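Residue strings, one per chain:
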Amino acid sequence: MIEAALEQSLPLSARHGAERLNEALRAAVFPGGKRWRPILTLLGTMTAGGAAQPALPIACAIEFLHTSSLILDDLPAMDDAKLRRGRATLHLIYGEGPALLAALALLNQAYALLASGGEARAGTSRLITEAARCIGPDGMIGGQAADLDIRASRGNSHALASRQLKTTALARLTIIAGAIASGADEQDVSALARYGDCLGAAYQICDDLLDELGESATIGKNVGQDARHLRSTFTAQFGAEGARRLALDFLAEGKQALQERFGDCQTARLLIEAADLVIVGAGPSRTSTNAASWRAEVKH
C-alpha cells in the first residue's frame, strides 16, 4: 500500500531535459529501506483514532522528507558519504547537482502532500506549522548545522543535544503528523510526541554506536564517519555500554507515555514493539550520572 502511494506521489518532472533528475528521484526512493517511518506514521494515526487510508499522503510525505535528508546528509559539503543502503550515494551516481535537486523536489513534494492529507483545515494548518518547525533551523536543519560545526561538537552536552535534532525532530513529526491531520485529541498528540522524541533520541544513540562498532557491509552505509569528522558522540561521551543504557532509558520513557495514555490499544502495542527494534539485544538500564544530566539537557 505504501509502495503504491509513493509511486503515485513521486514528484517526477514532465520537462524536457529533466530525465536525469527523474532517474535520480527513482533511485533515491525505490528501493528505499524498510519504510519504517511511513509505517510508524500510520500507526500513530490509528493509535489516536484516525484512519490509515486518508493518512497515506502524510506517510508518503514523511518518507520523502527522510529520503531528502539522507541525500543532503551524504553530499560532500555535509557528511561526504560514499555508501547508502548498500549502494553508492546518489551524488556519486548522478552528480551533486541532480542529487541536490532531487532532495529539493522531495522536500517540496512533502509539504504539498502534508497540505493535501488533512481531514480538517485547522489540522492541516497546524501540521504544516509543526512540519516547518521540525525540519527548520530549530529542528533537522539546526541539527545538521551543529554537525558541521566542529568546535560546537567536541565533548559538549549542549552540542549533542543540538546534533541529535537531525533524528529526533523527524521522529517526532513521523509519529504525530497523521494524528494532527485527523484532528486528534491534544493529549493523544502530546503522548505520541513524547514517544517520538524518545524514539528519536534512542535511534540517534544507536546510530552513533553503529558508526563506531558496526560494519558497512551489514548496515549498508559508511562507518567511522563521526571519527573522520571529529564529532562528539554518545559512544565517545558515555562509552558503548553507557550509551546503550541511555538508549534503553529513552525507550522505556517513550513506551510508558504510550501505555499511560492508550492502555492496551493494539496499534500502541505495535508502536512499543517498533521501539524494541531500535536496540535489539541491549542489556538492562542503569543510567550513569553523566547520562542522567544529559537527559535533563534534552528535556530542557
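Okay, so let's go over this structure. Per chain, residue numbering runs from 1 following the sequence as it is written. At least 70 in pLDDT is required for a residue's local features to be given in this predicted model, at least 80 for side-chain atom pairs to be given and counted, and no such filter applies to totals for whole chains, interfaces and linings, which use all residues. The side-chain numbers reported here are obtained from all heavy atoms of the structure, hydrogens and water having been left aside.

1. Focus: unusual backbone geometry
And then number 1: The phi angle at R35 is positive, at roughly 60°, despite the residue not being glycine.
And then number 2: Here a strand is any run of E in DSSP of at least two residues, a helix any run of H or I of at least four, and the numbering for each starts at the N terminus. Within the secondary structure layout, R35 lies in the loop between α2 (19-29) and α3 (36-47).
And then number 3: Its relative accessible area of 6% is what places R35 among the buried residues.
And then number 4: One non-glycine residue with positive phi stands out, namely D80, at about 50°.
And then number 5: Here D80 shows up in the loop between α4 (56-74) and β1 (83-84). Accessible area is worked out with a 1.4 Å probe on protein chains only. A residue is then buried under 20% of its type maximum, exposed over 50%, and partly exposed in between.

2. Structural notes on the packing of aromatic side chains
And then number 1: Aromatic pairing here means that ring centres of Phe, Tyr or Trp (its six-membered ring) are within 6.5 Å. Orientation follows from the plane angle: under 30 degrees is stacked, over 60 is edge-to-face, and everything else is tilted. For the structure shown, the criterion picks out 1 aromatic pair.
And then number 2: Taking 5.8 Å as the distance between ring centres and 25° as the angle between the ring planes, the aromatic pair formed by W36 and Y203 counts as stacked. Here Y203 lies in helix α11 (residues 186-213) and W36 lies in helix α3, a separation of 167 residues in the sequence.
And then number 3: You can call W36 buried: its relative accessible area is 16%.
And then number 4: Criterion for a charge above a ring: Lys NZ or Arg CZ within 6 Å of the ring centre, and within 35 degrees of the ring normal. The side chain of R37 reaches across the aromatic face of Y203, ending 5.3 Å from its centre.

3. Points about helix α6 (residues 96-116)
And then number 1: In a helix, the anticipated span is given by 1.5 Å times the number of residues less one. The end-to-end C-alpha separation of α6 is 30 Å, in line with the 30 Å expected for 21 residues at 1.5 Å each.
And then number 2: Turning to α6, its buried residues are P98, A99, A102, A103, A105, L106, A110, L113 and L114.

4. As for the environment of P98
And then number 1: Structurally, the position occupied by P98 is in helix α6.
And then number 2: It is 5.4 Å that separates the C-alpha atoms of P98 and L21, two residues lying 77 residues apart in sequence.
And then number 3: Ignoring sequence-local partners within four residues, the contact set of P98 consists of R20, L21 and A24. Residues are treated as being in contact if the distance between any of their heavy atoms lies within 4.5 Å.

5. So, the packing of α3 against α4
And then number 1: Structural elements are reduced to axes, namely lines fitted to C-alpha atoms, with helices fitted over the stretch in contact, and the angle between N-to-C directions of any two is expressed from 0 to 180 degrees. Interaxial distance between α3 and α4 falls to 8 Å at its minimum, and their mutual angle equals 145°. In terms of crossing hand, the pair formed by α3 and α4 is right-handed. In this structure, α3 contributes R37, P38, T41 and L42 to the contact, and α4 contributes L56, I58, A59, I62, E63 and H66. Crossings are sorted by hand: turned counterclockwise from the far helix by less than a right angle, the near helix makes the crossing left-handed, and turned clockwise it makes it right-handed.

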